[in-house]
Amino acid sequence: MFLAVMLAISIFLIVFLCFAIEKIVRYADTMFCKLDRYREYFALLNQWLLLKQNNLSISDYLIEKGYTKVAIYGMGSIGVRLCEDLRNTKVHIERTIDREANTIYHPLGVLKPNIGLADLEVDAVIITVNAVDVGELKSYMTDKKIPLLKLDDIIYSIWSYRRYYMKKEIAI
């Protein structure tokens, strides 16, 4: 009888520990995903700040590429910073878009993708979030061939363009 009770307690403890370990592993995975996202944010913002310190701007690059009317997809911290960066430039923000439009306030107003992308009349959509399904965004755009530009690609393209084509000395 004593052995049966000890066996039952042991099995219970093993099952409990397995569930606890599984929860810990899930939590760790979530934290590693967040850590990766924050590392990407840091790298992006660091490169953006380097552009600013070298008198290079996203707006000049967009104008050079012919993008003067844009929509911004992703109105978290990075999207808001981009709106502020493009304010008072020749690049006009026509629309801001986010999946969580109901919970975000912005002076331009924020629309959900299924509404905000449907009738766009812009030169490009700038995507400020990394975890986005570009195919899903294109499905909302009703046969329009509007370029979808990722902000990090824009920032790194400015570096490449300036370094190799303009031969401009850049302080890093």
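Structure shown above.
Residues numbered from 1 in each chain as written. Predicted model: local features only at pLDDT ≥ 70, side-chain atom pairs only at ≥ 80, totals over all residues. Heavy atoms only, no water.

Novice: Can you help me understand unusual backbone geometry in this one?
Specialist: Trans peptide bonds make up the majority, and among non-glycine residues the majority have a negative phi. Here Asn-55, not a glycine, exhibits a phi torsion of approximately 55°, which is positive. By the secondary structure assignment, Asn-55 is in the loop between helix H1 (2–53) and helix H2 (58–64). Judged by its relative accessible area of 67%, Asn-55 is exposed. Even without being a glycine, Asn-88 presents a positive backbone phi close to 65°. On the secondary structure map, Asn-88 appears in the loop between helix H3 (77–86) and strand S2 (92–97). (Helix = DSSP H or I, 4+ residues; strand = E, 2+ residues; numbered from the N terminus. Buried < 20%, exposed > 50% of the residue type's maximum accessible area, 1.4 Å probe, protein only.)

Novice: What am I meant to see in the environment of Leu-51 here?
Specialist: Within the element layout of this structure, Leu-51 appears in helix H1. Along the sequence, Leu-51 and Trp-159 sit 108 residues apart, while their C-alpha atoms lie 7.8 Å from each other. Contact partners of Leu-51, with chain neighbours within four places excluded, come to Leu-56, Ile-155, Ile-158 and Trp-159. (Contact = heavy atoms within 4.5 Å.)

Novice: What exactly am I supposed to notice about the packing of aromatic side chains here?
Specialist: The geometry of two aromatic rings is summed up by the distance between their centres and the angle between their planes. Counted according to the given criterion, the structure contains two aromatic pairs. Measuring from centroid to centroid gives 6.4 Å for Phe-12 and Phe-16, while their planes differ by 20°, and the two rings are stacked. Here the residue Phe-12 and the residue Phe-16 both occupy positions in helix H1, the gap between them amounting to four residues, near one helical turn. Its relative accessible area of 56% is what places Phe-12 among the exposed residues. When the ring centre of Tyr-38 is taken as origin, the NZ or CZ atom of Arg-37, which lies over that ring, is 5.4 Å away. (Phe/Tyr/Trp six-rings, centres within 6.5 Å; stacked < 30°, edge-to-face > 60°. Lys NZ or Arg CZ within 6 Å of the ring centre and 35° of its normal.)

Novice: So what exactly am I meant to see when it comes to the pattern of salt bridges here?
Specialist: Pairs can form between side chains of opposite charge once their charged atoms are near each other. Counted by the stated rule, this structure contains four salt bridges. For Glu-22, the salt bridge is made with Arg-26, and the minimal N-O distance between the two is 2.3 Å. Here Glu-22 pairs with Arg-26, and both are found in helix H1, just four residues apart, close to one helical turn. Between Asp-36 and Arg-39 there is a salt bridge, with the nearest N and O atoms lying 3.5 Å from each other. Of this pair, Asp-36 and Arg-39 both sit in helix H1, separated by three residues, roughly a single helical turn. (Salt bridge = Lys/Arg side-chain N within 4 Å of Asp/Glu carboxyl O.)

Function-wise, these values are silent; they only describe arrangement.
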